[in-house]
Amino acid sequence: MERTFVMVKPDGVQRRLAGRIIQRFEDKGLRIVGLKMIRMSHKQAEDLYSIHKGKPFYDTLVKFITSSPVVVMAIEGNQAVSVSRKLLGATFGFNAEPGTIRGDFGGSKGLNLIHGSDSPESAQREIPIFFSEGELAKYEHADIGWVYEEPERK
Ligand code: IDP
Ligand code: MG
């Protein structure tokens, strides 16, 4: 099944929202295969946000993301990348729809609680910045047959 990389950002952890945010992905039927709290290194931040280097918000973003612990996750599921992006909501909290994580919990540009890969290719690049393959659990939930139809489980 498709994999994505999701991270509760420092504001989400500091505001004690990590549990409720993680719950959204479980509620959707997605499979968390990697989960840990880390203090992101400067190098990891630069790798994760390399496509934003040079943009006006880049330095603030790297400083913010390394300022306090984050919760990093590798998540699998049918169309996990686009499904997760929908759970996140629009980038800026003040634009994000209620019902989404950013729409329910924030109203800021930079302090937007959560990161999610924007494509399967991005996910493949981002997951190894934070997880070795051996750290990712291989399993199926016992109720998977009640969440996905057979062809959707590939
Ligand atoms: P995304 O997180 O929805 O994929 P990106 O455009 O990839 O959004 O931006 C990465 C992160 O950089 C955002 O989640 C947000 O924290 C921050 N960011 C993006 N644009 C701005 C901005 O204009 N001002 C401040 N921070 C921004
Ligand atoms: Mg992005």
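An account of the accompanying structure is given in this report.

Each value, and the rule that gives it
- Residues numbered from 1 in each chain as written.
- Chains lettered and ligands numbered in written order.
- Predicted model: local features only at pLDDT ≥ 70, side-chain atom pairs only at ≥ 80, totals over all residues.
- Heavy atoms only, no water.
- Salt bridge = Lys/Arg side-chain N within 4 Å of Asp/Glu carboxyl O.
- Helix = DSSP H or I, 4+ residues; strand = E, 2+ residues; numbered from the N terminus.
- Buried < 20%, exposed > 50% of the residue type's maximum accessible area, 1.4 Å probe, protein only.

## Things to note about the pattern of salt bridges
- Taken as a whole and assessed by the stated rule, the structure comprises nine salt bridges.
- Put simply, E133 and R3 hold a salt bridge, and the shortest N to O gap is 3.2 Å. Of this pair, E133 sits in the loop between α7 (120-130) and α8 (144-147) while R3 sits in strand β1 (residues 2-8), and the two are 130 residues apart along the sequence.
- For E133, a relative accessible area of 48% puts it in the partly exposed group.
- E135 is paired through a salt bridge with K36; the nearest N and O atoms lie 2.9 Å apart. Placement of the pair is E135 in the loop between α7 and α8 and K36 in strand β2 (residues 31-38), with a sequence separation of 99 residues.
- The structure contains a network of salt bridges with shared partners spanning R3, R31, E76, E133 and K138.

## Some words on unusual backbone geometry
- Of note in this structure, Q79 is not a glycine but carries a positive phi near 55 degrees.
- With respect to the helices and strands, the residue Q79 is situated in the loop between β3 (70-77) and α5 (80-88).
- Positive phi is not limited to glycine here, since L113 has a value of about 70 degrees.
- The class of L113 is buried, set by a relative accessible area of 0%.

By themselves, these observations are geometric and do not establish any function.
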